[in-house]
Amino acid sequence: MTDKTKTNKKIKGGPDLTLSANDKMYLAIAFNQSELLAFIHTLFCRGRELDGVYNARAESEMLTFKKSSDAKVYYATLQQIQQAQTHSKIYDGMAEFNKELIAQFHAAHKQK
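Residues numbered from 1 in each chain as written. Predicted model: local features only at pLDDT ≥ 70, side-chain atom pairs only at ≥ 80, totals over all residues. Heavy atoms only, no water.

Enquirer: Would you explain the overall build of the chain in this entry?
Expert: The secondary structure content of the chain amounts to three helices and three strands. Starting at the N terminus and ending at the C terminus, the chain contains elements arranged as β-β-β-α-α-α. Buried positions account for 31% of the 112 residues belonging to the chain. Look at the contacts in the chain between residues 6 or more apart in sequence, and 57% of them connect residues 24 or more apart. Taken as a whole, the chain presents about 8500 Å² of accessible surface, with 53% of it coming from carbon and sulfur. (Helix = DSSP H or I, 4+ residues; strand = E, 2+ residues; numbered from the N terminus. Buried < 20%, exposed > 50% of the residue type's maximum accessible area, 1.4 Å probe, protein only. Contact = heavy atoms within 4.5 Å. Areas by Shrake-Rupley, 256 points an atom, 1.4 Å probe, with all protein chains shown as cover.)

Enquirer: Which parts of the structure should I look at to understand the sheet that holds strand E2 (residues 38-46)?
Expert: In any sheet, the strands associate via hydrogen bonds between backbone groups, in a parallel or an antiparallel arrangement. Pairing is antiparallel across the open sheet formed by three strands, whose spatial order is E1-E2-E3. Two strands bound the open sheet, and with one partner strand each, they are strand E1 (24-33) and strand E3 (59-65). Across the sheet, the mean angle from the axis of one strand to that of its neighbour is 20 degrees, orientation sign disregarded. When E1 meets E2, the two strands line up antiparallel, connected through nine bridges. Across the sheet, the residue bridging to Ala30 is His41, located in E2. Across the face of the sheet, helix H1 (residues 68-85) comes into contact with E1, E2 and E3 while running at roughly 150 degrees to E1. (Pairing = 2+ DSSP bridges. Axes fitted to C-alpha atoms, helices over the stretch in contact; angles between N-to-C directions.)

Enquirer: Help me understand the nonpolar core, please; the structure alone is not making it clear to me.
Expert: Side chains of a nonpolar character, in soluble globular proteins, are inclined to be buried together. Formed by 14 residues in total, the largest nonpolar core has its most connected members in Met25, Leu27, Leu43, Cys45, Ala58 and Met94. Within the residue set of this core, elements represented by two or more residues are E1, E2, helix H2 (89-97) and helix H3 (99-108). In terms of residue count, E1 provides more of this core than any other element does, four residues in total. When neighbours within four sequence positions are excluded, Leu43 is seen to be in contact with Met25, Tyr26, Leu27, Ala28, Ala58, Glu59, Ser60, Leu101, Ile102 and Phe105. Membership of the second largest hydrophobic core comes to 13 residues, among which are Tyr74, Tyr75, Leu78 and Ile81. (Core = buried A, V, L, I, M, F, W, Y, C linked by side-chain atoms within 4.5 Å.)

Here's what the structure looks like:
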């Protein structure tokens, strides 16, 4: 007899969110919210699935959430992934290559 669990059903005591730490190398992350929505802005280098190599040129992305609590969980998870990634030589190389984009990102997303 096999035991099946639906993937869309939350298991008691299970994680609120699971993200891959390999598909993107996060160089910068910012959070802000308005009255109705919460936003996460990211600057990252995309990983290539076939060979595990990252594209050198950083891309930006904005994620929008209706529930601030969900956005905060997502943001905290991204911060943990980024913190772990900063300990690699690959991260150092990507950050050096994209230092101007990182500076522009931080200037555009300064916490007010």
